[in-house]
Structure formats: C-alpha cells, structure tokens
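The residues making up each chain are set out below.
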Amino acid sequence: GGSERNAVPPYTLPALEVVNHRVMDMPMRVSALRALGAHVNVFAAESFMDEVAFAAGQDPVAMRLAYLHDPRARAVLQQAAVASNWAQRDATKNASTSVDGEWGQGLAFARYKNTGAYCAVVAEVVVAERVHLKHLWVVADIGHVVDADGAINQLEGGAIQAASWTLLEAAKFDRQRLLSVDWEQYPILRFEDVPEVSVSLIDSGEHASLGAGEASLGPCAAAIGNAVFHALGVRVRDMPMTPEHIVKAINAVDGETSPVI
C-alpha cells in the first residue's frame, strides 16, 4: 500500500499513462521508512521532466511552468528559483573550475499525495569521486502555518533524510535475511556531510493547514538527481547515487537511445 503515492505527475499533460506494479510475493517483509511511494515516484517523474526539458532545449523551470497551472504550485517553484539564484545557473556552471569536481544545480517540485503540501527543492552539488551535497533550498506552501519553527524543522529534517537515502542508504540482504544489521553495515549521512539547508514558507493566510511532515522528501531526491545530471551530463537513475552507480551510468551512455525511468 502507498506504492502509487505521487505516481500521477502534477502537470497538465495531453496524454498520460500510469501503471502501478504491486508485488505481493516478497522474499522478506519490507516497508517504507517514510513517504512510501512518493520518494521514488517523484524522483522518476521529476527526473523525466528534466530529461524532456533538456531534449527540448528549454530551461527546467520554464518547462515545468508551461504545464503547471495551479497558482500555489507555480509560486513555490518560482520562489525556489529566486532563492537559489537559478537565473545564474548556467553562468555559474561555466565559471566553475574542476579542481574540486563538477558543479551542478537541479530543481524538483511535487505536491505531497497530490492533495497535501506544495514543495519545491533546489539542490547544489559538486561531483568528484562521489556526490558532495552543498546546499538545499526548500520552499513550501503548507497552508496556514501554526508553528513556523516546527514546520521548518519538519521540512529540513525530511530533506536531509531524503538526501541520505538518495546518496548513501541501501540495505544489503541475501535470499534469507537482512545483512545490514548495524551502523557499520548500513551507510547514512554523517554530520560532516550535511549540507546547508534554507527553508522558506509561503502562507497567504487564505488556505487551511496542510501539514509539512513528508512534503520535502520526493522533491529533494529528484533535485539531487537533476543536479548530478547538470554537473556530469549523465543521468543516474539508480539510488543511492554511489560512485559505483555513477560509473555504471557513465559507462552506459554509449548506445543509449532513449531515456528510461
């Protein structure tokens, strides 16, 4: 249950088909840590929106705005672009040096469950031997804000957790049991790797509260993936985005004819 969460993109598209494959016979009991299907579904949809923008030669923000008609959705996307200085993205990329790695910036948007909070995230990365996440800008419309500090903490915590999933976390198992049984066997984001996180809330005073709990996780994962593509020019579709998966994506570029999510 929950595997279909955010599987329907928020854009007004001329044609759309969504297929949910629910596997009932699992070799071991599994569950989501948080956000259920939203994490991977938003990653897939927003990665593909970037691929479409790239193929069409359009700016990723402009591409999304062309098919995003909800004014609240447009507002968080536009504010995230302003907060992160998105307009200077290409100039910053051209001016960056490769001493520390390749610089990239990516963006993603989702409305949690398609009925909850609106959230846009911009990620800044430097990719060298691995992905170094430098900064996350999170803009959310959660309706009427009761406790701003608590809401900001929820959005920041969700983004950091999703960053850890996206870059590091993976449980190892064999056909019979889980092998990642302690923190030595299960990689997780350390304090020295936590990026700077800037969170902004939009509250017009006209809407009911929506909740902030899991709104930032899907957009954060997709924004990191899109930033890695901007840095390397290679689409990494496997999470976590470890050096091994990045090398695999680079090696697979030759002979790839169409994007596959």
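All of these numbers come straight from a predicted model, not from anything done at the bench.

Each helix and strand in the protein was counted, giving 7 helices and 4 strands. Reading the protein from its N terminus to its C terminus gives the helix and strand order α-α-α-α-β-β-β-α-β-α-α. Scaling as 2.2 N^0.38, a compact globule of 261 residues should have a C-alpha radius of gyration of about 18 Å, and the protein matches this with 18 Å. C-alpha extents for the protein along the principal axes are approximately 55 × 45 × 40 Å. Taken over 261 residues, the protein has a buried fraction of 44%. The long-range fraction of contacts in the protein, counting pairs at least 24 apart against all pairs at least 6 apart in sequence, stands at 68%. Summing over all exposed atoms, the protein offers an accessible surface of approximately 13,700 Å²; the carbon and sulfur share of this is 53%.

With respect to the helices and strands, the residue Trp 137 is situated in strand β3 (residues 131-141). Setting aside residues no more than four positions away along its own chain, Trp 137 makes contact with Ala 83, Ser 84, Gln 105, Ala 120, Val 121, Val 122, Glu 124 and Ser 198. One polar contact links the side chain of Trp 137 to the main-chain carbonyl oxygen of Ala 83, over a distance of 3.4 Å.

Here the focus is the packing of helix α5 (residues 148-167) against helix α6 (residues 217-232). Where α5 contacts α6, the two axes come as close as 8 Å, and the packing angle between them is 45°. Overall, the two elements α5 and α6 adopt an arrangement that is oblique. Pair α5 / α6 crosses with right-handed handedness. Between α5 and α6, the contacting residues are Gly 158, Ala 159, Gln 161, Ala 162, Ala 163, Trp 165, Thr 166 and Leu 167 on the first element and Leu 217, Cys 220, Ala 221 and Ile 224 on the second.

Here we take up the nonpolar core. Ranked by size, the top nonpolar core spans 43 residues in total, and within it Leu 133, Leu 136, Val 138, Cys 220 and Ile 224 carry the most contacts. Those elements that place two or more of their residues in this core are α1 (38-56), β2 (118-127), β3, α5, β4 (196-201), α6 and α7 (243-251). Sequence-distant contacts of Leu 133, that is, excluding residues within four places in its chain, are made with Ala 123, Glu 124, Val 125, Ala 163, Leu 167, Asp 193, Pro 195 and Ile 224. One finds Ala 73, Leu 77, Trp 86 and Val 122 within the second-largest nonpolar core, a separate group that totals 21 residues.

Conventions adopted
Residues numbered from 1 in each chain as written. Predicted model: local features only at pLDDT ≥ 70, side-chain atom pairs only at ≥ 80, totals over all residues. Heavy atoms only, no water. Helix = DSSP H or I, 4+ residues; strand = E, 2+ residues; numbered from the N terminus. Rg over C-alpha atoms; globule rule 2.2 N^0.38 Å. Buried < 20%, exposed > 50% of the residue type's maximum accessible area, 1.4 Å probe, protein only. Contact = heavy atoms within 4.5 Å. Areas by Shrake-Rupley, 256 points an atom, 1.4 Å probe, with all protein chains shown as cover. Polar contact = N/O pair within 3.5 Å; in protein donor to acceptor, adjacent residues only side chain to side chain. Axes fitted to C-alpha atoms, helices over the stretch in contact; angles between N-to-C directions. Parallel < 35°, antiparallel > 145°, perpendicular 65-115°, else oblique. Left-handed = near helix turned anticlockwise from the far one by under 90°. Core = buried A, V, L, I, M, F, W, Y, C linked by side-chain atoms within 4.5 Å.

Bear in mind that shape data such as this cannot, by itself, settle questions of function.
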